[in-house]
Amino acid sequence: MKTKRHPKTTNNKSADRVSESEGMHYEGNCIRPPPEAFSILLQVTLGCSHNKCTFCGTYKDKRFTIKDERIILGDILFASKHMRNQDRLFLMDGDALIIPQNRLLWILDKIHDHLPWVKGVGSYANTKSISRKSAEDLNALRTKGLDRIYLGVETGDDEIREKIHKGFTARFCAEMGQKIKSAGMHLTVMVLLGIAGVNKSLDHAKATGGLLSAMDPDHVAALTVIPVPGTPFWDQLERGDLELPDERGMLLEMREMLRHTKLRGGTFASNHSSNYLSLKVRLPEGKQEALDLIDAALGGRIGLKPEWMRAF
Ligand code: SF4
């Protein structure tokens with residue numbers, strides 16, 4: 001996306017005198033979760049505060065920064081004139097929850113003041129950013145409209161978590177997920193098929209099912225890893241230090257993960273463009289249906305997505 005030049009950091013008071021941007025200000029590679037396709041996309045940070053996961057190349061071109069309030073407010077004012085039909089808003093980039101509490105509350109207040117038709121706000125988060133918010137902080141954010149969190153946990157296997165530089169243990173990650181749910185926010189958790197390679201595939205599946213059961217999110221999005229050139233994960237594969245499961249291996253891994261996933265009520269989906277088999281079921285009641293679907297694919301009775309159609 002196109003980059004525009006704007007003035008440097010200011011304080012909230014002078015930001016209040018800002019006028020509408022000429023267009024939304026986006027810098028570098030910008031992504032959002034598929035359910036936010038129709039949301040207003042407001043870029044409030046650049047990059048990800050962690051930016052160390054070995055498989056992730058999304059924000060390698062950006063140094064983590066919180067954007068200037070005047071830029072953010074200018075974009076909100078632009079959206080107030082030109083995005084009146086979009087009733088949800090997503091805060092980009094990778095980790096908006098890391099923004100200090102008062103600043104984040106200020107952003108949510110401005111969204112409320114200028115975009116009153118927006119019914120809810122979503123954001124990516126990671127374990128670190130959740131850990132920095134108290135239960136009271138999260139409740140205050142929820143009250144101001146932040147009602148949807150997307151958390152990439154990738155795996156519940158601590159050995160793999162360490163290898164991919166995910167940071168924190170699965171147990172701590174589960175606690176952070178529970179914290180989000182206790183604040184009344186909708187929690188989507190992303191897990192990554194194939195990330196452990198062939199040898200640890202089923203261990204990863206089982207441990208991830210355990211982590212998901214402990215978190216009990218509203219929605220699980222299972223994605224399939226697609227190696228990105230220039231990342232340490234890509235280099236590992238190139239050197240032959242790691243081997244990815246093939247399509248069948250990915251299906252067996254998802255089957256094992258699902259078998260060990262016990263949600264009290266939520267959805268499990270593999271309908272992301274990176275997956276070989278698309279499914280979406282409600283748990284617990286849809287588990288057998290999903291297992292049967294995977295078995296049908298393993299038995300060749302359902303076709304898989306061709307490699308060229310997969311994308312991350
Ligand atoms: S926390 Fe997410 S955005 Fe940040 S490096 Fe890891 S996968 Fe990428």
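First, a word on what this report is: a plain description of the structure on this page. Once a new chain begins, its residue numbering starts again from 1 and follows that chain's sequence as written. In keeping with the model being predicted, local features are shown solely for residues with a pLDDT of at least 70 and side-chain atom pairs are shown and tallied solely at 80 or more, while totals for entire chains, interfaces and linings include all residues. Side-chain numbers here rest on the full set of heavy atoms in the structure, without hydrogens or water.

## What about the site of the ligand?
Moving on, step 1. Close to the ligand lie Cys48, Asn51, Lys52, Cys53, Phe55, Cys56, Tyr59 and Lys166.
Moving on, step 2. Tallied by class, the residues present in the shell around the ligand amount to five nonpolar, one polar and two charged. Summary of the distance rule: residues count as near a molecule or strand when at least one heavy atom falls within 4 Å of that molecule or strand. Residues were grouped as follows: Ala, Val, Leu, Ile, Met, Phe, Trp, Tyr, Cys and Pro as nonpolar; Asp, Glu, Lys and Arg as charged; and all remaining residues, including Gly, as polar.

## A look at the environment of Ser39
Moving on, step 1. Segments assigned H or I by DSSP are reported as helices when at least four residues long, segments assigned E as strands when at least two residues long, and all are numbered from the N terminus. Positionally, Ser39 belongs in the loop between helix H1 (12-15) and strand S1 (40-43).
Moving on, step 2. Categorising residues by exposure relies on relative accessible area from a 1.4 Å probe, with only protein chains included: less than 20% of the type maximum marks a residue as buried, more than 50% marks it as exposed, and the intermediate range marks it as partly exposed. Take Ser39: its relative accessible area is 5%, and that puts it in the buried class.
Moving on, step 3. Note on definitions: a residue-residue contact is assigned when non-hydrogen atoms from the two residues lie within 4.5 Å. In contact with Ser39, not counting residues within four places along its chain, are Gln86, Arg88, Leu89 and Phe90.
Moving on, step 4. Any pair of N or O atoms that falls within 3.5 Å is considered a polar contact. Within protein, one atom must be able to donate a hydrogen and the other to accept it, and sequence-neighbouring residues count only if both atoms are side-chain atoms. At a separation of 2.5 Å, a polar atom in the side chain of Ser39 contacts the side chain of Glu36.

## Focus: the pattern of salt bridges
Moving on, step 1. We define a salt bridge as a side-chain nitrogen of Lys or Arg found within 4 Å of a carboxyl oxygen belonging to Asp or Glu. For the structure on display, the rule yields 18 salt bridges.
Moving on, step 2. As a salt-bridge pair, Glu69 and Arg103 come within 3.3 Å of each other at their nearest N and O atoms. Remark: Arg103 occurs in helix H3 (residues 101-114) and Glu69 occurs in helix H2 (residues 69-82); sequence separation between them is 34 residues.
Moving on, step 3. For Lys119, the salt bridge identified is with Asp87, shortest N-O distance 3.0 Å. Placement of the pair is Lys119 in the loop between H3 and strand S5 (120-125) and Asp87 in the loop between H2 and strand S4 (88-92), with a sequence separation of 32 residues.
Moving on, step 4. For Asp87, a relative accessible area of 32% translates into the label partly exposed.

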